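Below are the chains, spelled out letter by letter.
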Amino acid sequence: MRVQPVTICEKALILEALRSGKRFDFRGLEEFREVKLVVGAEIGTAICTIGNTKVLAAVSAQIAEPSSMRPHKGVINIDVDLSPMANYANEHDRLGSRGMELIRLLELIIRDSRCIDVESLCIRAGKEIWKVRVDVRILDDDGSLLDCACLAAITALQHFKRPNVTLEPHHTLIYSEYEKAPVPLNIYHMPICTTIGLLDKGQMVVIDPTDKEAACLDGSIVVACNKRREVCALHQSTNLVLSTKQIERCVKLAMSRAEALTAVVSDVVKQDQRERSAFKRPDGFAITAPALILTAGTVAARKIVAPVVKNEPDVEQRAMYQPSIVLNENPLSVGSVKQEEVDNDASISEQVEMIQNSVGKVEVTETQKSSTISNRKREEKEVDDLLSGLDDDEEEVQTMTLGAEEPVQDVTMQEEEEEQPNLLLAKKKKKK
Amino acid sequence: MSYEITGPPLVSPWMMLSMSEARNDVDESKIVIPGQSVCDAPQQFMRGHGTYIRDGEIVSSLSGVVQQLNRLLMVKTIKQRYAGEVGDVVVARVVEVQAKRWKCDVSSRLHANLPLGSVLLPGGDFRRKDVEDEEKMSEFLKNGELICAEVQQVQHDGTLMLHTRNNKYGKLRQGITIKVPPHLIKKSKKHFHTLPYGMAVIIGCNGNVWVTPSLPETTLEEDGSHIHEFQVVPQDIRLTMVRVASCIRLLRDYSISIFINSITTAYEMSQPYDIKELSEQETSSRLAYLIAARLLQELQQQK
Amino acid sequence: MSIISEHGFRLDGRRPAQIRNVNTRLGLNRNAEGSSYLEHGNTKVLCAVYGPYEGKASKRLEDRCAIVCQYSTTTFSGLERKNRPRGDRKSTEMSRLLEKAFESVILTESFPRSQIDIFCEVIQGDGSNLAACVNATSLALADAGIPMKGIASAATCGIVEGNPIVDLTSREETDLLPRVTLATICGRDEVVLVELHNRLHIDHLSVVMEAAKATCADVYECLAVVAQQHLKACAPILGN
């Protein structure tokens, strides 16, 4: 899909607000959004959310042959999946320039800064090494994508444990997690990334910009730091002219953030560790899903119930509480039933019944009458019929179509019945 | 056997010529490079092309020569893409046929427009163009055809509007085209020249030079339309054309300005040599020196 | 083998703050609008600039010029033969960095809807490849007569035991040495490109930045002289 540009007035508004120190989510210019980190039930998975940006990272390991140039070093591969689900500007199945930049930066931060000891991933020099694969999937993009992805990847790597192996003279023995506890990766340090937006030729600094803000800013600079006060990566994201003082200032901001976030990551991983060793079943990602179920139009704590097959219906109750899957229903009344409408339907159904009776058609099954919600008994019987005699389906269809023709002709003159013939016709078409 | 591998030579043979003669036409004190301040007292001057304002100072954005016109300061660069002025005659190639206009490549930074209403159709001039004409546009001028046109207008973004409302402009049929950097084309009033060797030359301001046995205005039929079929060109004229084309290439390679005098001088001085030899480095550099010397001599004589 | 010997000399005999010899030729490619050849010691780079011209409709921007860069290294440019001269991740990243850097240097607002193509070819890579490409491109752009804010100059600097070393060669570009490639306009404090490799401690950051800035200013002096000298050679004989 084409990128929707930010409109001129929107851009002007955002810039004006930023210049007077205000942001639309009530943050200060140098405030970060809330970071939520969750590790999954499966080892080596993590979801990180910064505000609305959500990223999932999953780490897996495989035994592979090493490259001839580095026979005793393991391999870490990073793969990013940037789909239109995250941001409709992304291309489907192809990594655009943004995706390539993201992969390259993640590789720079995680692989090139050597935070993982790759030599410990070697099983047999020259023959077998562990190939660790980090899959980063962007679920939702609202700015600071790299920050979120980096954090998720780092947490997943911290959380991940590879199977334990022993070297036998002729083969390698890999133990499952029930035989020998899996071994965590050897991580030297944790690089944490910060995106710092810049405005007015670098005079103003906007921290952790959202997607809309980022489109209005002059440019941004990406700094990755770790707890040991080292800068792991420094990358100018977009065209911008800076001074060295501004770069140093950004680095200092990123440094303090890195120290805070490192603590968070360690906490999360340690807590999960504790839970697992206490043999408590980890919740995993279930805690991120809201305990609400969306139904048509409104969000309410309701349950979806399959068509109820009961012999003693309670008509009054049904009028209030409608099952969402009902067969052979009046399409107009689905989901919009209120007390007032029930009366309307009742009157129409009476009229139709009158017509039906006057015509006196044979084999007018109950399905021919207007299927209003109030006529519960009929519907149940119908459900019973259908459920019990599924082979009779075809016959029923035919009878229904036959019957439908007569009432249509008769009711053309009456305006009130206008709804009905259309419905019946519609039903006829549906059945056909 | 031993080989000697080196980088590019210190000064390329082409440049040796430009740097050798007394180049007093370029004032060294006025040469600027991008980012250099152009004047000492910026308040007195207005900034023109090739400059920008930085912290209140007028700074050059091009590498060229500073020119002052009263209170206007501008930087003129030597090499630049053809910009286009009203009245310039250009030799362009059609790249696209659109509704009611043709898009032509004039070696400028944007394609030029040739509207349907600005062409002289065969069989009548100045008649209103109707729907039929629109459909027949590609019959008249297809993709890849070469035309000679005059610049009627320059739009604000630099797009040129061309027209061929004259018999001397129009489709170019038989000839040789030579692409020359536009800064080598010397400004002159006449663009169409008939050489005494039985052929003609169109020096387009955009850098395309067209060598042809006959100019468009001479190939007209009775009703005013141009002759459609290709005419057989006799061999001696063809050889002359190739020689002229080689001379123009020589002038281009040695950074000698291209105008009618230089072409004729080059042609005459190349007579002792074979056409094939003209493209070899030894002959061409020797010849170029001689041509340059002769032209400078003539210039001094005129003064 | 240490980077700086006990007497304070580097592997090729330079001092820590000394840059390599800069050798340039402009106007080599007759077809391109601007072209240059640059040598930083043994690092040799060719650059060609085409444009501004009317490019593809997909790349067209309504208010400014689109800049397309291609960074490619020949298969024989490094220590080991490279199978793919361009299109791999590293080259794509370098191309992007060059594009972004030159978008801030070139006055793109002067030509809307046009496109400028920049092609860089590293013939021999002996360290500071990106910096050499930036320098070569600046010269080629000056040769092509494209308006810029100034000539951008770049340099790669590292730090060893607290001492900054400038203009790194490939033997000094190891996995352990942190290095910063910095590009500034006209040697001033206007940074258009900053790229860091390996980890750098925050206390060393300002030291490296200062050293890199000073080196960029030195390189700029060399490039400025070259650009000025070339102008004389460009002018046509008997021209306007």
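Residues numbered from 1 in each chain as written. Chains lettered and ligands numbered in written order. Predicted model: local features only at pLDDT ≥ 70, side-chain atom pairs only at ≥ 80, totals over all residues. Heavy atoms only, no water.

Per an unreviewed UniProt entry, chain C is named Putative exosome complex component RRP41, and its organism is Caenorhabditis brenneri. Its UniProt record, at the heading Subunit (unreviewed entry), says of chain C: "Component of the RNA exosome complex." (UniProt positions renumbered as here; feature names shortened; annotations may be inferred.)

With an unreviewed UniProt entry as reference, chain A is termed Exosome complex component RRP45, source organism Caenorhabditis brenneri. The UniProt entry for chain A carries this comment under Sequence similarities (unreviewed entry): "Belongs to the RNase PH family."

Q: Is there a simple way to think about the interface of chain C and chain A in this case?
A: Often, the extent of an interface is quoted as the loss of accessible area upon association of its parts. Taken together, the contact between chain C and chain A spans 29 residues of the former and 34 residues of the latter. Each partner contributes to the roughly 3,000 Å² buried at the junction of chain C and chain A, and carbon and sulfur atoms together form 56% of this total. In this assembly, chain C and chain A are joined by three salt bridges. The shortest N-O distance in the salt bridge between E230 of chain A and R199 of chain C comes to 2.8 Å. Linking chain C to chain A there are twelve residue pairs in polar contact (both at pLDDT 80 or more). Ranked by residue count, the leading element in the side of chain C that touches chain A is helix α1 (residues 89–105) of chain C, at seven residues. Examined bridge by bridge, strand β14 (residues 230–236) of chain A and strand β10 (residues 200–201) of chain C share two bridges and lie antiparallel to one another. If you follow E230 of chain A over to β10 of chain C, its bridge partner there is H201 of chain C. (Contact = heavy atoms within 4.5 Å. Buried area = accessible area lost by both parts, 1.4 Å probe. Salt bridge = Lys/Arg side-chain N within 4 Å of Asp/Glu carboxyl O. Polar contact = N/O pair within 3.5 Å; in protein donor to acceptor, adjacent residues only side chain to side chain. Helix = DSSP H or I, 4+ residues; strand = E, 2+ residues; numbered from the N terminus. Pairing = 2+ DSSP bridges.)

Q: Honestly, the interface of chain B and chain C in this entry has me stumped. Any pointers?
A: Of the residues lining the interface, 49 residues belong to chain B; the matching set on chain C comes to 45 residues. Connecting chain B to chain C are three salt bridges. For the salt bridge of R113 of chain C with D157 of chain B, the shortest nitrogen-to-oxygen distance reads 2.5 Å. Linking chain B with chain C are twelve residue pairs in polar contact (both at pLDDT 80 or more). Counting residues per element, the side of chain B that touches chain C draws most heavily on helix α1 (residues 13–20) of chain B, at five residues. Taken together, the residues of the side of chain B that touches chain C sort by class into 23 nonpolar, 14 polar and twelve charged. (Nonpolar A, V, L, I, M, F, W, Y, C, P; charged D, E, K, R; others polar.)

Q: Hey, could you run me through the pattern of salt bridges in this one?
A: Where charged atoms from two side chains of opposite charge approach closely, those side chains can pair. Counted according to the given criterion, the structure contains 37 salt bridges over all chains. Note that D135 of chain A and R133 of chain A form a salt bridge whose closest N and O atoms lie 2.8 Å from each other. A relative accessible area of 38% means that R133 of chain A is categorised as partly exposed. For R14 of chain C, the salt bridge identified is with D167 of chain C, shortest N-O distance 3.9 Å. Taken together, the positions of R14 of chain C in the segment before β1 (22–26) and D167 of chain C in the loop between β7 (163–166) and β8 (179–185) put the pair 153 residues apart, joining distant regions of the chain. Linked by salt bridges that have partners in common, D25, R27, R33, D142 and D208 of chain A make up one network. (Buried < 20%, exposed > 50% of the residue type's maximum accessible area, 1.4 Å probe, protein only.)

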